[in-house]
Amino acid sequence: LLIARCREFQGRFREAVGEYSACLAVWPDESEIYLNRGLANYQARDYSEASLDFAEARRLNPALTTSLVWKALCHQALGENQKAIEELDRALEESCPETRIYFIRARNRDAIGDRVGAERDRKEGLAREPTDELSFVNRGFYLLGTDPEKARADFRAALDLNPRSEVALKNLAHVEGE
């Protein structure tokens, strides 16, 4: 398991998938390992396999609502925007606390031509206070064009939650560079 995590940190996602698969041979009922393998598959751009892993993580642990968000991102990457929206709707119905859901759903609604729904989701996402790293990053990204100071604060808040957040660091560097 530690080797798999190290491979991920090195950006060697396909190798991490193999290491997680070895872990699952020993611990086949561990939802977190399926979730982590799904994340490695997602980073390796193997969205179909990632989606299967997220579904299995969710089957093993129905409280793992973040797997619905990641599964939606897989559908989005595959151009299956309506399926992505359905997964995000389910996550919201189950009270998933990630506010990034609104921004992700807005992108998918834009892709299917639902401009009104997309704008409503963006407004809702901006109105809610994030509680997790990726939600702070998503809200910060949407604030970049209109309020760089608030965007900077969101990227810093993401870094407070995870000082190694590469996406928060890159976005903060972008804001600082501007």
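The structure reproduced in this document is the subject of the present report. (Residues numbered from 1 in each chain as written. Predicted model: local features only at pLDDT ≥ 70, side-chain atom pairs only at ≥ 80, totals over all residues. Heavy atoms only, no water.)

Focus: the environment of serine 31
Here's step 1: Here serine 31 is to be found in helix α3 (residues 31-43).
Here's step 2: The buried category is assigned to serine 31, whose relative accessible area is 11%.
Here's step 3: The spatial distance from the C-alpha of serine 31 to the C-alpha of arginine 58 is 7.1 Å, given a sequence separation of 27 residues.
Here's step 4: Residues within four places of serine 31 in sequence aside, it is in contact with Ala57, Leu60, Asn61 and Leu64. (Helix = DSSP H or I, 4+ residues; strand = E, 2+ residues; numbered from the N terminus. Buried < 20%, exposed > 50% of the residue type's maximum accessible area, 1.4 Å probe, protein only. Contact = heavy atoms within 4.5 Å.)

A closer look at the pattern of salt bridges
Here's step 1: In this structure the tally under the stated criterion is 24 salt bridges.
Here's step 2: A salt bridge links arginine 122 to glutamate 119, with the nearest nitrogen and oxygen atoms 3.4 Å apart. Of this pair, arginine 122 and glutamate 119 both sit in helix α8 (residues 115-127), separated by 3 residues, roughly a single helical turn.
Here's step 3: By relative accessible area, which is 37% here, glutamate 119 ends up partly exposed.
Here's step 4: Note that arginine 139 is salt-bridged to glutamate 129, the shortest N-O span being 3.4 Å. In this pair, arginine 139 is assigned in helix α9 (residues 133-143) and glutamate 129 in the loop between α8 and α9, connecting sequence segments 10 residues apart.
Here's step 5: Connected through salt bridges with shared partners, the residues Asp89, Arg105, Arg109, Asp114 and Asp121 form a single ionic network. (Salt bridge = Lys/Arg side-chain N within 4 Å of Asp/Glu carboxyl O.)

Section: the state of the cysteines
Here's step 1: Inspection of every chain in the model, using the stated rule, returns 0 disulfides.
Here's step 2: Unpaired in this structure, cysteine 6 has its nearest cysteine sulfur neighbour in cysteine 23, at a distance of 12 Å.
Here's step 3: Residue cysteine 6 is classed as partly exposed on the basis of its relative accessible area of 41%.
Here's step 4: Free of any disulfide, cysteine 74 has its nearest cysteine sulfur in cysteine 96, 15 Å distant.
Here's step 5: Judged by relative accessible area, which is 0%, cysteine 74 ranks as buried. (Disulfide = S-S within 2.5 Å.)

Considerations on helix α2 (residues 13-26)
Three- or four-residue spacings in an α-helix give side chains the same orientation, since the helix completes a turn every 3.6 residues.
Here's step 1: For α2, built from 14 residues, the straight-helix expectation of 20 Å at 1.5 Å per residue is met to within 8% by its first-to-last C-alpha distance of 20 Å.
Here's step 2: Among the residues making up α2, those that are buried are Ala16, Val17, Tyr20, Cys23 and Leu24. Buried residues of α2, viewed axially, fall in a sector of 120°; they line one side. Every exposed residue of α2 that faces more than 90 degrees away from the buried side is listed here: Arg14, Ala25 and Val26.
Here's step 3: At its buried positions, α2 is contacted by α1 (2-9) and α3. (Expected span 1.5 Å × (residues − 1). Arc of directions from axis to C-beta.)

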